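Spelled out, the chains give:
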Amino acid sequence: MLRTIPLFFIATICTLQFVDLGFTADPEEGVLAGHSTHGDAFNDGPRQAAYLMPGMGNIQFAASTENELTKKFINQGVAQLHGFWYYEAERSFRQAAVHDPDCAIAYWGMAQANTGNRERARDFVAEAVERIEGTTEREKMFILSYEQFLKEEDDKGKKIERKDRAQKYTRALEEIVEEYPEDIDAKALLALQLWQNSRAGLPIVSYVAVNSIIGDVFDENPMHPAHHYRIHLWDRHKAKRALHSAANCGPSLPGVAHMWHMPGHIYDKLHRYQDAVWQQEASARVDHAHMMRDRVMPDQIHNFAHNNEWLIRNLIKIGRVEDGLSLAKNMLELPRHPKYNSLERRGSSKYGRERLLLVLSSYRLWDELIKLSETMYLESTEDRRLEAERLKYLGVAYAMTGKANEARAIQGQLLQKVSDNKASLKGMEEQKEADEAAAKKDVDKGDSKKATANRERRKKEREESTKELKRLNPQLEKAAKSIEIALIAANKDWEAALKDWKKADLKDNLLLAEWQSKAGKQKEALETVEKEIKSKPEQILPLATKIFLSFNPKSPEDVREDFEKLQLLASQADIETPLLARLTPLALELGLEENWRAEYELADDLGDRPDLDSLGPFRWHPYLAPDFQAQASDGEQLRLKDLKGKPTLVIFYLGFGCLHCVEQLHEFSPRADEFREVGIDLVAVSSEKMESLKEALADYSKPLDIPLHSDPEQKAFKAYRCFDDFEQQPLHGTFLIAPDGRVLWQDISYEPFMDVDFALKESQRLLRLAGHGDKLKPIEPFKEDTLAKD
């Protein structure tokens, strides 16, 4: 029986020759240059070839294929599925299909790798069904059961409830296990589904039963990555039951960062924060190794930013203040991108800013907070909620350090914002009434479709703005009140400060306890601290505060028991930080050393931990740009060495036959002088032949202010990974190369990068951070940067 083989697999087997203009797909066929020929779903999927990675465990997942490489990539893909590394799993399964386009289970794997995109998953599983003839009964059961699970309507068009789909799929996996009891991956997937069923409204009936299924897997393969699933099973139930898997999860699949991250869930639940920190650092290091090896930007990695922000929270809990500050700053230093990492979007920048403020405020490092507010780390931002939070803490910091005038100025800013927002809300309400009256008249006259559409658009915009301002004003009012009570406390009017505590938003009950103590309310203060100790067990600050408030020079032995416990909690703490340094005199009174920390001892249930350096570098570093060669229209050759010594933004475009590329050049060319003024050169490399490039330039009405070069064999495109290995076509790419030849920023996509303002500002920021900012023009600050100094 003849089967249809998708073009992207044929293309990888055969060498395709493109026309003079590089890849310039016919617009009439609806495929733009750089876009996948198989639809929009493939545009964002993996487009570079997979390779056999180290640290992918010892999975053996049988598949109907004679090709040895296909078998290896299927095993790797299944391992990556077990580690929730879905993007790389899809890449592995696609590579498996490259070597055997008829291997049905490879398409099943692609579907499994798209749990968050059911439409793509359905398309992939349909390809598997098309190739199902010739597979084993076991493979048929995997493929057909997943096909049914992905269906959202029955044959009559009636919606199938999620709960029903989950029940049927669970039963289908049970049937595979019953028929093939030796298939441990089927058991692992069954255990995973039983855990995930709770999201479909099917609670786990027996944790012990699910755990038993996972135990059967380990009986056959003690280092199977199902340790991941056991952690999820017990994480929110009885975390202690997963300690064995916490020790083995990372080593079972050491090349997947998420597998090192997951044990942190268990250790955090058990208040073993030092152990959680080790796991989270291990995860970050594995991610760093992957990013630098495969030339991926940090926030393109799923879970990377979350892992690091949680690591900072745990560093706070154990008193590693300097490490927490360092990591938060590092998160803010990482390359930003409008799609996946900015101060406004969830990613390293937003998390880093939030956690930096958390470290500074938790340990009351007010002077450092003020200094950092004048840098990029705590810069002013157009995001109104983030800016309100920044101003709140900055105002409190000024108040706490005796700078009352500066604190009042910021409080005034916040109150002015409240007043302006109220005026805006009133104006929008009046506009709403006016629009409604005008709409009534228009209807009476015979309203046009255009007028109706414009009115609906204004209504939607007004409703969104109203909702945002109504949500923002309480935050601004609480921020202003926080500064007010901080100013009152700075004047030592503790009673007045406590009176309005609940109206503020200081989020620090330990500070509340200290103010209660200073107001003579010692009993209330200690009750407040005890509540914090109960809600945050084994954390250093609540117990340290209790000792500080309880200490009586006349009876120092009263705090000895608590202090001995604190010594263990503080084994890795920075005891020089002010909130802990104030305990040193107390330690001396108790006959302890000035360095009063106890020695840190590893628990005996951690398994064989590798050296952290063996997993990857402590921090991400930009990779060295590959060498390349391209030819200018005058015949001159451009090499990477020609760029060294000066920052350069390199644009890879797909010829003048690509309309999007022409638009990109039109965006960047008029701004070339702005880049040059700050010391950054612009260079463009095309996929078209030199003859075509010259013809296009000759026909072009206005000269471009960017040097253009030809790379008809697309060697440079491939060197910079601006190339789809599966469909054998070049992709769009934009790269910032530093004077030392390192790539500080990149964007590789099916569409060209168009945001010139972002590229210019981010290039300057990254070059300064990398130490190449001597000749760069100062970045224009956001208009509110100077307000705190007025």
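Quick look at the structure, then. Everything numeric here is computed off the predicted structure, so don't read it as measured data.

Thresholds, definitions, all that
Residues numbered from 1 in each chain as written. Predicted model: local features only at pLDDT ≥ 70, side-chain atom pairs only at ≥ 80, totals over all residues. Heavy atoms only, no water. Helix = DSSP H or I, 4+ residues; strand = E, 2+ residues; numbered from the N terminus. Buried < 20%, exposed > 50% of the residue type's maximum accessible area, 1.4 Å probe, protein only. Salt bridge = Lys/Arg side-chain N within 4 Å of Asp/Glu carboxyl O. Pairing = 2+ DSSP bridges. Axes fitted to C-alpha atoms, helices over the stretch in contact; angles between N-to-C directions. Contact = heavy atoms within 4.5 Å. Expected span 1.5 Å × (residues − 1). Core = buried A, V, L, I, M, F, W, Y, C linked by side-chain atoms within 4.5 Å. Patch = residues over 30% accessible without salt bridge, like charges linked within 9 Å, V, L, I, M, F, W, Y side chains within 5 Å. Areas by Shrake-Rupley, 256 points an atom, 1.4 Å probe, with all protein chains shown as cover. Lys, Arg positive; Asp, Glu negative; His and termini not counted. Charge placed at Lys NZ, Arg CZ, Asp CG, Glu CD. Arc of directions from axis to C-beta. Polar contact = N/O pair within 3.5 Å; in protein donor to acceptor, adjacent residues only side chain to side chain.

**Describing unusual backbone geometry**
One non-glycine residue, R295, lies in positive phi territory at about 60°. Inspection of the secondary structure puts R295 in the loop between α14 (273-294) and α15 (304-318). For R295, a relative accessible area of 22% corresponds to the partly exposed category. Positive phi is not limited to glycine here, since R364 has a value of about 50°. Within the secondary structure, R364 sits in the loop between α17 (348-362) and α18 (366-372).

**Re the pattern of salt bridges**
The full count for this structure, using the stated rule, is 54 salt bridges. With its nearest N and O atoms 3.8 Å apart, the salt bridge here joins R293 to D294. A salt bridge links E530 to K546; its shortest N-O distance comes to 2.9 Å. Of this pair, E530 sits in helix α24 (residues 522-535) while K546 is found in helix α25 (residues 540-550), placing the two residues 16 residues apart along the sequence.

**Let's talk about the sheet that holds strand β4 (residues 681-686)**
Read from one edge to the other, the open sheet built from seven strands follows the order β2-β1-β5-β4-β3-β8-β9, with strand pairing classed as mixed. Each having just a single partner strand, β2 (637-639) and β9 (743-749) make up the two edges of the open sheet. On average, each strand axis in the sheet is tilted by 25° relative to the strand beside it, whichever way the strands run. Sheet analysis places strand β3 (residues 648-653) next to strand β8 (residues 732-737), joined by five bridges and oriented antiparallel. Looking at β8, one finds that F652 is bridged to G733. Along the sheet, helix α30 (residues 659-668) contacts β3, β4 and β8; its crossing angle with β3, the most-contacted strand, is approximately 160°. Relative to the sheet, helix α34 (residues 756-769) contacts β3, β8 and β9, its axis offset from that of β9 by approximately 150°.

**Quick look at the pairing of β4**
β4 sits mainly inside the fold: five of its six residues count as buried. Across six bridges, β3 lies against β4 in parallel orientation. Following the sheet pairing, L649 is matched in β4 by L682.

**Notes on helix α2 (residues 68-82)**
Since the α-helix advances by 3.6 residues per turn, residues separated by three or four positions end up pointing in the same direction. The end-to-end C-alpha separation of α2 is 22 Å, in line with the 21 Å expected for 15 residues at 1.5 Å each. Taken across its 15 residues, α2 has eleven buried, putting it largely inside the fold. Those residues of α2 lying buried are T70, F73, I74, N75, Q76, G77, V78, A79, Q80, L81 and H82. Elements that come into contact with the buried residues of α2 comprise α3 (86-99), α4 (104-112), α8 (184-196), α10 (227-235) and α12 (257-261).

**Structural notes on the nonpolar core**
Ranked by size, the top nonpolar core spans 81 residues in total, and within it L356, L369 and W515 carry the most contacts. Excluding its chain neighbours within four sequence positions, the residues that come into contact with W515 are M400, I485, A486, A489, W494, A497, L498, W501 and L506.

**So, the pairing of β8**
Across the six residues that make up β8, a large majority, six, are buried. Burial along β8 is two-sided: H732, T734 and L736 and G733, F735 and I737, pointing in opposite directions, are all buried. Here six bridges tie β8 to β9, and the two strands are oriented antiparallel to one another. Bridging from a neighbouring strand, I737 pairs with V743 of β9. The hairpin formed by β8 and β9 contains five residues between the paired strands, and G741 there has a positive phi angle of roughly 85°.

**Some words on a negative patch on the surface**
On the surface, E429, E430, E433 and E436 cluster together into a patch of negative charge. Examined against the element boundaries, E430 turns out to sit in helix α20 (residues 404-445). A relative accessible area of 46% means that E430 is categorised as partly exposed.

**Some thoughts on α30**
Those residues of α30 lying buried are C661, V662, Q664, L665 and F668. Taken down its axis, α30 places every buried residue within 155° of arc, on the same side. Buried residues along α30 sit in contact with β3, α31 (672-677), β4, β8 and α34.

**Here we look at the side chain of Q48**
Within the secondary structure, Q48 sits in the loop between α1 (7-13) and α2. With relative accessibility at 13%, the residue Q48 sits in the buried group. In this structure the side chain of Q48 is engaged in a polar contact, spanning 2.8 Å, whose partner is the backbone oxygen of R721. Discounting chain neighbours no more than four positions away, the residues touching Q48 are R91, R721, F723, D725, F726, L731 and I748.

**A word on the side chain of H288**
Tracing the backbone through its elements, the reader meets H288 in helix α14. Among the polar contacts made by the side chain of H288, one reaches the main-chain carbonyl oxygen of P617 at a distance of 3.0 Å. Ignoring anything within four residues of it in the chain, the contact list for H288 reads F304, P617, F618, R619 and W620.

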